[in-house]
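Each chain, written out:
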Amino acid sequence: MPSPSDRPRRPEAQARHLPHHRRGTYWLLALVAAMVVATSIALWWTLRQVQSLAQPFQKSDLWYVSSLHSELGRVALLARKVKALEAPEEELRERLDVLYSTLDMAGASQRIGARLRQELAQAALDLDGLARHVERWSSRLAAAPSERAGLSDDIIGHTDALLQSTRKAVVAVHLFSSQDADRVRQELHDHFTLLSAVLGGLLVGTALLIRKLLHEARAAQALSQQLAQANRQLEIRVASRTREIEENRALLGFILDSSPSDVVLVDVESGFVHFINNQMVERLGLQWPPIKLFLPELLHEPDARQQLMAALEKYGQVDGMEALVGAKNPRWSSLSARLIEVDGKLAHLLWGFDISTHKQLESQLRELATRDSLTGMLNRRAFLERGTALLDHCRRHAKPCTVLMIDIDHFKRINDRYGHQTGDDSLRACATAIAGALREADILGRLGGEEFAALLPHSSTDSAHLVAERIRDAISELQILSIASEPLRITVSIGMAEMAHRDAGIETILAWADQALYRAKATGRNKVLAYERSTPSPDTTEILP
């Protein structure tokens, strides 16, 4: 027995569908007609633009060269008046400043277009020569009165030749600009003529499109019969696809239950658990799958719960959120969640992957990236980052902050005489001694070689001086033996600098402390000195490390 979808469609049903198809065709025809009207308007506008763009226009290069010629003539006339004592020298200075600003000495090479400089190289050279003369005259006017003597004669002696060269430049630029303008107008005329031809072709194509649409309208009835047949085939395929979906749903449940990732699907309002796999049950430390479970209960930290729920409420999804999952034995997971609809009700779908091992490796890598491998102290980059944050904290709370630069005296001699192994032992011993003399709030880093830096928050220069002396004493008391069991005596020089300006950064204060350090080395080593702004930094070119 044939199904209802296999029965032939009655003529009345077909007749109801035909007017809809005709109305769609009429709308297409109306749209094409509108395109024809718009094309005609665009063609008319193009023709008007062709006529408008065929008119000549002026170039700014000609105005610029003409202005230079006029200003140069005024300067020459005023120089003669100054020579004849008919005008003051200050007026000549002002006129030269006008000519100087017209030349725009800072960008004279850009005032004339690159193409003009290529085509009119001699005119460009003349203008460059004029620029050099004007700059020389302006410098003499700004100099002492003895150097201004004879300036008027100098200007009068050069302006005739300069006026002649700028006059030639005006003529050359005018001729070149006229030729270039004609060429541009001709190119624009050709371009708009081509555009007119293209628009005409578009008009012809539109007419052909109208003809094609009329032909397709006559074929619409035949196509509707084919569509009915395709509809019946689609219904058959939908039924088959529905069966496949049910089978795939069962298979998906089996896969998720066997998956190593954590998966849970719960109702938003009631907390009813639609699905939870074995991995998630084990992660939560439960023996049996729960009947009710709300999504925030999965996360260990309250802040992570609020962040997850806020993102789901605002965006409806969360991707790649890292959080601790589980109450008894929490482990790091990368979580993703979606707000979906199940049986007409909102539900939360969450899945995640265990990234505890990744987190451990990340922590180890972060430690390696921020610590000096030899001494275990902060490296330069980490010290600057943490020092900047600590400096900003002291600045916000109006508290003092002092930086110590610590350098081992004659460290190169230790390496050269006892070997690098003894040098490394000395560095480690000094780092330990320095750290032992600092507070927990202070930060210590190795900036490179035998140089250490310490930042002491809430410490003025006076209190930091006591800490620096304690460091110096601790290092001088170190008992270090070389590989040959020879005792070593190590001393350090220390420079101090206190944050004095609100805009002083960590690099600036380190530079101040470094100046004090080199002053300590230059004045005998094994001492502590503070940065003095009124004292020039010593010449340290001959100071041994």
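What counts as what
Residues numbered from 1 in each chain as written. Predicted model: local features only at pLDDT ≥ 70, side-chain atom pairs only at ≥ 80, totals over all residues. Heavy atoms only, no water. Axes fitted to C-alpha atoms, helices over the stretch in contact; angles between N-to-C directions. Helix = DSSP H or I, 4+ residues; strand = E, 2+ residues; numbered from the N terminus. Parallel < 35°, antiparallel > 145°, perpendicular 65-115°, else oblique. Contact = heavy atoms within 4.5 Å. Nonpolar A, V, L, I, M, F, W, Y, C, P; charged D, E, K, R; others polar. Patch = residues over 30% accessible without salt bridge, like charges linked within 9 Å, V, L, I, M, F, W, Y side chains within 5 Å. Areas by Shrake-Rupley, 256 points an atom, 1.4 Å probe, with all protein chains shown as cover. Salt bridge = Lys/Arg side-chain N within 4 Å of Asp/Glu carboxyl O. Polar contact = N/O pair within 3.5 Å; in protein donor to acceptor, adjacent residues only side chain to side chain. Pairing = 2+ DSSP bridges. Buried < 20%, exposed > 50% of the residue type's maximum accessible area, 1.4 Å probe, protein only. Arc of directions from axis to C-beta. Left-handed = near helix turned anticlockwise from the far one by under 90°.

S.K.: Hey, could you go over the packing of helix H13 (residues 380-396) against helix H17 (residues 506-522) for me, with residue numbers and the actual values?
M.R.: It is at 9 Å that the axes of H13 and H17 come closest, and there the two elements cross at 105 degrees. In terms of orientation, H13 lies roughly perpendicular with respect to H17. Here Arg380, Phe383, Leu384, Gly387, Thr388 and Leu391 of H13 lie close against H17, whose contacting residues are Ile506, Glu507, Ile509 and Leu510. A class-by-class count of the residues in the contact of H13 with H17 yields six nonpolar, two polar and two charged.

S.K.: Go over a nonpolar patch on the surface with me, naming the residues and quoting the values.
M.R.: Together, Val37, Ile41 and Trp44 give the surface a local cluster of nonpolar side chains, amounting to about 330 Å² of exposed area. Structurally, valine 37 is set in helix H1 (residues 11-53).

S.K.: Explain unusual backbone geometry to me, using residue names and the numbers behind them.
M.R.: Unlike most non-glycine residues, aspartate 343 shows phi in positive territory, near 55 degrees. Following the sequence through the fold, aspartate 343 ends up in the loop between strand E4 (331-342) and strand E5 (345-354). Positive phi, close to 65 degrees, is recorded for arginine 525, a residue that is not glycine. Positionally, arginine 525 belongs in the loop between H17 and strand E12 (528-530).

S.K.: Which residues make up the side chain of aspartate 442, and what values do they have?
M.R.: On the secondary structure map, aspartate 442 appears in the loop between helix H15 (420-437) and strand E7 (443-448). At 2.7 Å, the side chain of aspartate 442 and the side chain of arginine 439 are in polar contact.

S.K.: With reference to specific residues and values, describe the sheet that holds strand E2 (residues 273-276).
M.R.: Here five strands make up an open sheet; going across it, the order is E2-E1-E5-E4-E3 and the pairing antiparallel. Two strands close off the open sheet at either side, each with one partner strand: E2 and strand E3 (317-325). If you compare each strand with its neighbour and ignore which way they point, the axes differ by 20 degrees on average. Taken together, the ten bridges between E4 and E5 define a ladder with antiparallel strand orientation. If you follow serine 333 over to E5, its bridge partner there is aspartate 354. Most of the contacts of helix H11 (residues 302-315) go to E3, to which it runs at about 170 degrees, and overall it touches E3, E4 and E5.

S.K.: Can you tell me about the sheet that holds E7, naming the residues and giving the values?
M.R.: What the five strands build is an open sheet, ordered E7-E8-E6-E11-E12; its pairing is mixed. Two strands lie at the open edges of the sheet, namely E7 and E12, each paired on one side alone. Direction aside, neighbouring strands of the sheet carry axes that sit 20 degrees apart on average. As paired strands, strand E11 (residues 492-498) and E12 are joined by three bridges and run parallel to one another. Counterpart to glycine 495 in the pairing with E12 is leucine 529. Each of strand E6 (401-408), E7 and strand E8 (451-457) is contacted by H15, which is oriented at about 155 degrees to E7, the strand it contacts most.

S.K.: Tell me about helix H14 (residues 411-418), residues and numbers included.
M.R.: When H14 is considered as a whole, its buried residues turn out to be Phe411, Ile414, Asn415 and Tyr418. Projected down its long axis, H14 carries its buried residues within an arc of 105 degrees, all on one side. In H14, the exposed residues that point more than 90 degrees away from the buried face are Asp416 and Arg417. Tucked into the core, H14 has its buried residues touching E6, H15 and strand E10 (487-488). Where H14 terminates, the next one or two residues include glycine 419, which has phi positive at roughly 100 degrees.

S.K.: An account of the packing of H15 against helix H16 (residues 461-476) is requested, with residue identities and associated values reported.
M.R.: Where H15 contacts H16, the axes come no closer than 9 Å and their chain directions differ by 145 degrees. Handedness of the H15/H16 crossing: right-handed. Where H15 abuts H16, its residues Cys430, Ala433, Ile434 and Ala437 lie against Val467, Arg470, Ile471, Ala474 and Ile475. Here the residues of the contact of H15 with H16 are counted per class, giving eight nonpolar, no polar and one charged.

S.K.: Which residues make up the pairing of E3, and what values do they have?
M.R.: Note that E3 and E4 share seven bridges and pair antiparallel. Bridging from a neighbouring strand, methionine 321 pairs with leucine 335 of E4. The antiparallel pairing of E3 with E4 creates a hairpin that spans five residues between the two strands, and glycine 326 there sits at a positive phi of about 105 degrees.

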